[in-house]
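# What the coordinates show
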Amino acid sequence: IPILIASDALLLKLDDLKENALSLLYLAVLSVAVSIAFGIFAANTFFAEYALSTGAIIALFAMVLATDPVSVVSVFSSFKVPHKLAILAEGESLFNDATALIIFMFIAIPMMNGVDIGAVDILIVSTKVIAISVLIGLAVGFLGVFVMRLTSDPMSELVLILLTAYGSFELAEIFHMAGLLAVIVSIITLNTITQKSFDEKAKKVKKARNIVNRANKNKKIFSTNFMSGITRKLSSDVSDIERHKQNLNYVAVLALLANTFLFMSMASIVHIDLLLKYQTEILLMFLITTLIRAFMMGTFGIVSNMTKKMTDIGVRWWSVLLFAGIKGGLSIVMLQMLPKGFEHQEMFNAIVIGVILLSTFVYATILVGIILFNKKSFDEEVRAEVH
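Here is what the cut-offs are and how they apply
Residues numbered from 1 in each chain as written. Predicted model: local features only at pLDDT ≥ 70, side-chain atom pairs only at ≥ 80, totals over all residues. Heavy atoms only, no water. Helix = DSSP H or I, 4+ residues; strand = E, 2+ residues; numbered from the N terminus. Buried < 20%, exposed > 50% of the residue type's maximum accessible area, 1.4 Å probe, protein only. Contact = heavy atoms within 4.5 Å. Areas by Shrake-Rupley, 256 points an atom, 1.4 Å probe, with all protein chains shown as cover. Core = buried A, V, L, I, M, F, W, Y, C linked by side-chain atoms within 4.5 Å. Axes fitted to C-alpha atoms, helices over the stretch in contact; angles between N-to-C directions. Parallel < 35°, antiparallel > 145°, perpendicular 65-115°, else oblique. Left-handed = near helix turned anticlockwise from the far one by under 90°. 1 Å grid on protein atoms, 1.4 Å probe; cavity = no way out; pocket = protein on both sides within 12 Å on 5 of 7 lines; lining within 4 Å. Points joined across faces, edges and corners; volume = space filled by probe spheres on them. Nonpolar A, V, L, I, M, F, W, Y, C, P; charged D, E, K, R; others polar. Phe/Tyr/Trp six-rings, centres within 6.5 Å; stacked < 30°, edge-to-face > 60°.

## Remarks on the overall build of the chain
Assigned secondary structure in the chain consists of 16 helices and zero strands. In the chain, which comprises 387 residues, the proportion classed as buried is 51%. A sequence separation of at least 24 residues applies to 82% of the contacts in the chain between residues at least 6 apart. As displayed, the chain has an accessible area near 19,100 Å², and 66% of this comes from carbon and sulfur atoms.

Right under this line is the structure:
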């Protein structure tokens, strides 16, 4: 989980998060909470024969509502889409996971274990978990920045990125907080500060290249020693920037490998006969969650278009956000966290894996189709953003 989250958090810039904070809060926090509330009503209607407890229903919907940021980023990296749309989709998929996991671990699991949790308890627990997890993430992130400044070795930088992710996750888990949220905060903190230094180096590189170009036109302007120093500094800065980009690519590759192993693990959880046995429940859950997501994305569109501080979206953007809800790795991990001896474990395994498979093929196919169908419109929006 830490490597999956770190890979996607490295792509997000703090300025983008600040600019789209209200939109992401609606999409990744309020939307998930309201969706689970709708889920409780839907489950009591369509799955009444199983007599599921409220805690079990919350756990089930937390698992099927958690999206897969790796899949979403993979799709968006293959096409040109407006930057703001990509931020909404990728940011929602990342923070959506944190919200779903917090609800699953600190509300659903305790309720399944017999703990009585009321509305006030949920508010107190959520506030406590979020606040402490953010503080842990900030502390580990700043520590990572401090240590990274002590080294210029490419491999050391890559190891420090991974240590920051896993360190924040483990520290949060030791204190029984949200490790996933701590990873997001620590990596964004690390990346924001280090990226500023690389942006400064990029400006120096541009300035040095201008000097070199001028010197090539008129060799009498600058001394040989001066030009030699400029060339060495230019080479060093370019090397540092390229090294950083290469490390980000390494993290992305590691995340893809981790996601691959998670999907491979599905084969050991559910078999074809179980998917066929619970095919009705799987299809019902897939349809219910799709309708709920369509409704929540629709309300987001209405609210955002009425609020100046939120990003306006139309039908095209709504459809992209709807089918960007591809499920994946985190849902598989949460399945392993269900209480031992849970009587509906087999059905939950089948439903969650079934929904993951359906969303992977159906959502991804439709999402790519929508992007290709609206290519001209998206290209125009990209050009307008650049301008």
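What follows picks up the thread again.
## Some words on the nonpolar core
Phe61, Phe76, Leu338 and Phe348 are the most contacted members of the largest nonpolar core, which has 122 residues in total. Looking at which element gives the most residues to this core, the answer is helix α6 (residues 83-112), with 18 residues. Not counting the four nearest positions on each side in its chain, Phe61 is found in contact with Ile36, Gly39, Ala43, Met285, Ile288, Thr289 and Ile292.

## As for the packing of helix α3 (residues 21-46) against α6
Where α3 meets α6, the closest approach of the two axes is 8 Å, and the angle between their N-to-C directions is 40 degrees. Considered as vectors, α3 and α6 are oriented oblique to each other. Considering the relative orientation of α3 and α6, their crossing is right-handed. Taking contact as the criterion, the partners of Ser23, Leu24, Leu27, Ala28, Val29, Val32 and Ile36 in α3 are, on α6, Ile87, Leu88, Gly91, Glu92, Phe95, Asn96, Thr99, Ala100 and Ile103.

## Considerations on the layout of surface pockets
In this structure, the largest pocket occupies an estimated 850 Å³ of space. Lining the largest pocket are 31 residues, with Leu25, Val29, Thr99, Ile130 and Leu181 positioned closest to its centre. Every element with two or more residues in the lining of the largest pocket is listed here: α2 (14-19), α3, α6, α7 (119-148) and α9 (179-217). It is α3 that provides the largest number of residues to the lining of the largest pocket, a total of nine residues.

## What about the packing of helix α4 (residues 54-65) against α6?
Pairs of packed helices are described in terms of their axes, by the angle between the two and the distance that separates them. Contact pair α4 / α6: the axes reach a minimum separation of 8 Å and the direction vectors enclose 160 degrees. Comparing their axes, α6 and α4 come out roughly antiparallel. At the point where α4 passes α6, the crossing takes the left-handed sense. Contacts from Thr54, Gly55, Ala56, Ile58, Ala59, Ala62, Met63 and Leu65 of α4 reach α6 at Asn96, Ala100, Ile103, Phe104, Ile107, Ala108, Met111 and Met112. Classifying every residue of the contact of α4 with α6 gives 13 nonpolar, three polar and no charged.

## A short note on the packing of aromatic side chains
On inspection of all chains with the given rule, the structure shows five aromatic pairs. Centre to centre, the rings of Phe323 and Tyr363 are 5.5 Å apart; their planes meet at 85 degrees, and the pair counts as edge-to-face. With Phe323 in helix α13 (residues 315-323) and Tyr363 in helix α15 (residues 345-373), the pair connects residues that are 40 residues apart, well separated along the chain. Of the residues examined, Phe323 reaches a relative accessible area of 15% and is grouped as buried. An aromatic cluster is defined as three or more aromatic residues linked by ring pairs; in this entry it consists of Phe286, Phe323 and Tyr363.

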